[in-house]
Amino acid sequence: MKKVLVVCSGGLGTSLVLKLQVKQHFQEWKLDDVIVEQSDVSAASFMKADLIIGAKQVVQHLRVKETEILGLSFIADRALVKESLENADTVKRWRERV
């Protein structure tokens, strides 16, 4: 199963809004087998995911191996979120297989 972790400093409000955006894009792309979860930044380092996405100033503190990390400069910009996902190597691989 493919997994995306959406991260913010508290793991509640910001990550929930971003999680809904990410899920919507995956649905548009017919990536129905991707699980999207949210977390606070302190727990994210201990969680397994294929892709981590969050605000640049939050995810820059993560120290994870073998996981692609997307740091967004402005998470409320839906076009930026979509473009960042489209350009992510992990998502490109998933979309090739659909």
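Up top is the structure.
Bear in mind that the values here come from a model prediction, so they are computed numbers and not experimental data.

**Quick word on the environment of Arg-78**
Move 1: For Arg-78, the location among the structural elements is in helix 4 (residues 78-87).
Move 2: Once residues lying within four places of it in the same chain are set aside, the contact partners of Arg-78 are Gln-21, Gln-24 and His-25.

**Section: the sheet that holds strand 4 (residues 68-72)**
Move 1: Read across the open sheet, the 4 strands follow the order 2-1-3-4; overall the sheet is parallel. For this open sheet the edge positions go to strand 2 (34-40) and strand 4, each flanked by a neighbour on one side alone. Neighbouring strand axes in the sheet, compared pairwise and without regard to direction, differ in orientation by 20° on average.
Move 2: Pairing analysis gives 5 bridges linking strand 3 (residues 51-55) to strand 4, with the strands arranged parallel. When the bridges of strand 4 are listed, Leu-51 appears paired with Glu-68.
Move 3: Contacts from helix 5 (residues 89-96) reach strand 1 (2-8), strand 2, strand 3 and strand 4 within the one sheet, and its direction differs from that of strand 1 by about 150°.

**Comments concerning the pairing of strand 1**
Move 1: Counting buried positions along strand 1 gives 7 out of 7 residues, so the element sits mostly inside the fold.
Move 2: Going residue by residue along strand 1, you find Lys-2, Val-4, Val-6 and Cys-8 tucked away on one face and Lys-3, Leu-5 and Val-7 tucked away on the opposite face as well.
Move 3: In this structure, strand 1 lies alongside strand 2, joined through 7 bridges in parallel fashion. Paired with Leu-5 across the bridge in strand 2 is Glu-37.
Move 4: Relative to strand 3, strand 1 is paired through 4 bridges, and the arrangement is parallel.

**Some remarks on helix 1 (residues 13-28)**
Move 1: The terminal C-alpha atoms of helix 1 lie 23 Å apart, and with 16 residues this matches the ideal 22 Å at 1.5 Å per residue to within 8%.
Move 2: Those residues of helix 1 lying buried are Ser-15, Leu-18, Lys-19, Gln-21, Val-22, His-25 and Phe-26.
Move 3: Elements in contact with the buried residues of helix 1: strand 1, strand 2, strand 3, strand 4, helix 4 and helix 5.
Move 4: Directly beyond the C-terminal end of helix 1, a positive phi value near 60° is found at Lys-30.

**Side note on the nonpolar core**
Taken as a class, soluble globular proteins show a tendency for nonpolar side chains to be buried jointly.
Move 1: Among the nonpolar cores identified, the biggest contains 18 residues, and Val-4, Val-22, Phe-26, Ile-53, Leu-85 and Val-91 are the most heavily contacted of them.
Move 2: When contributions to this core are tallied by element, the ones reaching two or more residues are strand 1, helix 1, strand 2, strand 3, strand 4, helix 4 and helix 5.
Move 3: Sort the elements by how many residues they give to this core and helix 1 lands first, with 3 residues.
Move 4: With near-sequence residues (within four places) excluded, Val-91 lies in contact with Phe-26, Trp-29, Leu-51 and Leu-85.
Move 5: Membership of the second largest hydrophobic core comes to 9 residues, among which are Val-7, Ile-52, Val-59 and Leu-62.

Definitions and limits used
- Residues numbered from 1 in each chain as written.
- Predicted model: local features only at pLDDT ≥ 70, side-chain atom pairs only at ≥ 80, totals over all residues.
- Heavy atoms only, no water.
- Helix = DSSP H or I, 4+ residues; strand = E, 2+ residues; numbered from the N terminus.
- Contact = heavy atoms within 4.5 Å.
- Pairing = 2+ DSSP bridges.
- Axes fitted to C-alpha atoms, helices over the stretch in contact; angles between N-to-C directions.
- Buried < 20%, exposed > 50% of the residue type's maximum accessible area, 1.4 Å probe, protein only.
- Expected span 1.5 Å × (residues − 1).
- Core = buried A, V, L, I, M, F, W, Y, C linked by side-chain atoms within 4.5 Å.

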